[in-house]
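Spelled out from the first residue to the last, the chains are:
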Amino acid sequence: MIKEMLIGFMVGLIATAVGTFIFIEFFSSRDFYTSLELIQEGNLEGKVLSLGAIANFLVFFVFLKKNQIYRARGVLFETFFIAFLVLLLTFFQSN
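What counts and how
- Residues numbered from 1 in each chain as written.
- Predicted model: local features only at pLDDT ≥ 70, side-chain atom pairs only at ≥ 80, totals over all residues.
- Heavy atoms only, no water.
- Phe/Tyr/Trp six-rings, centres within 6.5 Å; stacked < 30°, edge-to-face > 60°.
- Helix = DSSP H or I, 4+ residues; strand = E, 2+ residues; numbered from the N terminus.
- Buried < 20%, exposed > 50% of the residue type's maximum accessible area, 1.4 Å probe, protein only.

### A look at the packing of aromatic side chains
Step number 1: Applying the stated criterion to the full structure yields six aromatic pairs.
Step number 2: Judged by centre distance (5.0 Å) and plane angle (55°), the ring pair of Phe-21 and Phe-32 falls under tilted. Placement of the pair is Phe-21 in helix α1 (residues 2-27) and Phe-32 in helix α2 (residues 32-41), with a sequence separation of eleven residues.
Step number 3: Classification of Phe-21 as partly exposed rests on a relative accessible area of 42%.
Step number 4: Summarising the aromatic geometry, the rings of Phe-23 and Phe-27 are spaced 5.0 Å apart at their centres and angled 50° between planes, so their arrangement reads as tilted. You can see Phe-23 and its partner Phe-27 sitting in helix α1, four residues apart, about one turn around the helix.

### A word on unusual backbone geometry
Step number 1: For Asn-43, which is not glycine, the phi torsion reads 55° and is therefore positive.
Step number 2: Mapped onto the fold, Asn-43 is located in the loop between α2 and α3 (45-52).
Step number 3: A residue is classified by how much of its surface remains accessible, and Asn-43, at 24% relative accessible area, is partly exposed.
Step number 4: Look at Asn-67: it is not a glycine, yet its phi comes out positive at around 60°.
Step number 5: Relative to the helices and strands, Asn-67 is located in the loop between α4 (55-65) and α5 (69-91).
Step number 6: Classification of Asn-67 as exposed rests on a relative accessible area of 61%.

What follows is the structure in structure tokens.
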């Protein structure tokens, strides 16, 4: 059970990273590293990370469709972790 949830958590992290990468590549007219610098300068890390976490919906529903409930639960915990991270980034950003 714990192993399955850990697999779901790790898959959720990978899905969030891939979703963030795709979002930056698709919506930015500049190269990836320049876009990352602009995101950091504008204190937009939380917003971009939360948009990248949308990819977790796809992974979550695939796990549910395959009846892998504990892996889906791990993805859900990872999504809550990302939400908490975005909350921390929002409150503790320097102005």
